[in-house]
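Take a look at the letters that make up each chain.
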Amino acid sequence: MIFSHEVEEMCPVKQGVAHGCAPIPEEAKWVKAKEISDISGFTHGIGYCAPQQGCCKLTLNVKEGVIQECLVETIGCSGMTHSAAMSAEILPGRTILEALNTDLVCDAINTAMRELFLQIVYGRSQSAFSEDGLVIGAGLEDLGKGLRSQVGTMYGTLAKGPRYLEMTDGYVTGIALNEDDEIIGYQFVNFGKMMDFIKAGDDANTALEKAKGQYGRVADAVKIVDPRKE
């Protein structure tokens, strides 16, 4: 270690009492984190790319500094889905410091990793007060039945008004309108359920019918509009 001349000429002064770092909550324990291996937690981070064309929600389950589980969800950019595929291969087995300094292929995913790192090393994890944290596999539970991301896609214009395209319920096939042309409900197909029915042996048309649903006052509608055509 090299010291400047000014420092070399200084007289030594004791630092006094050092209490160490402040403890952070981790999996129902208070931990004074000094090493990467001191970090455990399950949490999420959100990131967007430089042109802000797409975004990513990244979920990690970290045990003793090592990523055991990841969930990468992206929206708004077709290329980002391929980046997510590569990131899902890259992340498990890396320490959170390695992951922070690894190219995760896409700006949005890298930014999500940065935000998630900040949360988890400051003790802001979802599992901060959960004894022993969350089990490996908790990331899949965020997706629910059918293992599909919670996606909402809506479109609207001043001239023609709103169009519901996709809800967490599923792919919207019709929007229900009252006599004033106001939306009072919608019809949908849950693709996750539909694929489960097909895998169980149903033909496509039967599976489609069984996976249909509706929300709101559809029965009171004056007309049903296809949001993609009308």
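Scroll up to find the structure.
Computed from a prediction, not measured in an experiment: that's the story for all the values here.

(A) Structural context of unusual backbone geometry. For Gln 52, which is not glycine, the phi torsion reads 55 degrees and is therefore positive. With respect to the helices and strands, the residue Gln 52 is situated in the loop between strand E3 (41-48) and strand E4 (55-63). In this structure, Asp 132 is a non-glycine residue whose phi angle is positive, near 65 degrees. You can see Asp 132 is positioned in the loop between helix H4 (107-121) and helix H5 (138-141). The exposure class assigned to Asp 132 is exposed, which follows from its relative accessible area of 56%.

(B) A look at a nonpolar patch on the surface. Nonpolar side chains collect at one region of the surface, where Met 1, Phe 3, Val 7 and Met 10 lie side by side and expose about 510 Å² of accessible area between them. With respect to the helices, strands and loops of the structure, Phe 3 is situated in the segment before helix H1 (5-9).

(C) Representation of the packing of aromatic side chains. Across all of its chains, the model carries five aromatic pairs by this definition. Centroid distance Tyr 164 to Tyr 186: 6.1 Å. Interplanar angle 75 degrees. Geometry classified as edge-to-face. One end of the pair, Tyr 164, is in strand E7 (residues 161-167); the other, Tyr 186, is in strand E9 (residues 183-189), and 22 residues separate them in sequence. The lysine or arginine in question, Arg 228, covers the ring of Tyr 171, its NZ or CZ lying 3.7 Å from the ring centre.

(D) Examining the sheet that holds strand E5 (residues 66-75) more closely. A sheet is described by the order of its strands in space; here three strands give the open sequence E3-E4-E5, paired in antiparallel fashion. At either margin of the open sheet sits one strand with a lone partner, and together these are E3 and E5. Adjacent strand axes in the sheet meet at a mean angle of 15 degrees when their direction is disregarded. In this structure, E4 lies alongside E5, joined through nine bridges in antiparallel fashion. Along E5, the bridge assignment pairs Cys 55 with Ile 75. Here helix H2 (residues 78-90) sits on the sheet and contacts E4 and E5; the angle it forms with E5, its principal contact strand, is near 175 degrees. Contacts between H4 and the sheet are confined to E3, E4 and E5, with E3 contributing the most and set at about 140 degrees to the helix.

Cut-off values and rules
- Residues numbered from 1 in each chain as written.
- Predicted model: local features only at pLDDT ≥ 70, side-chain atom pairs only at ≥ 80, totals over all residues.
- Heavy atoms only, no water.
- Helix = DSSP H or I, 4+ residues; strand = E, 2+ residues; numbered from the N terminus.
- Buried < 20%, exposed > 50% of the residue type's maximum accessible area, 1.4 Å probe, protein only.
- Patch = residues over 30% accessible without salt bridge, like charges linked within 9 Å, V, L, I, M, F, W, Y side chains within 5 Å.
- Areas by Shrake-Rupley, 256 points an atom, 1.4 Å probe, with all protein chains shown as cover.
- Salt bridge = Lys/Arg side-chain N within 4 Å of Asp/Glu carboxyl O.
- Phe/Tyr/Trp six-rings, centres within 6.5 Å; stacked < 30°, edge-to-face > 60°.
- Lys NZ or Arg CZ within 6 Å of the ring centre and 35° of its normal.
- Pairing = 2+ DSSP bridges.
- Axes fitted to C-alpha atoms, helices over the stretch in contact; angles between N-to-C directions.
- Contact = heavy atoms within 4.5 Å.

The quantities given are spatial measurements derived from coordinates; they are silent on function.
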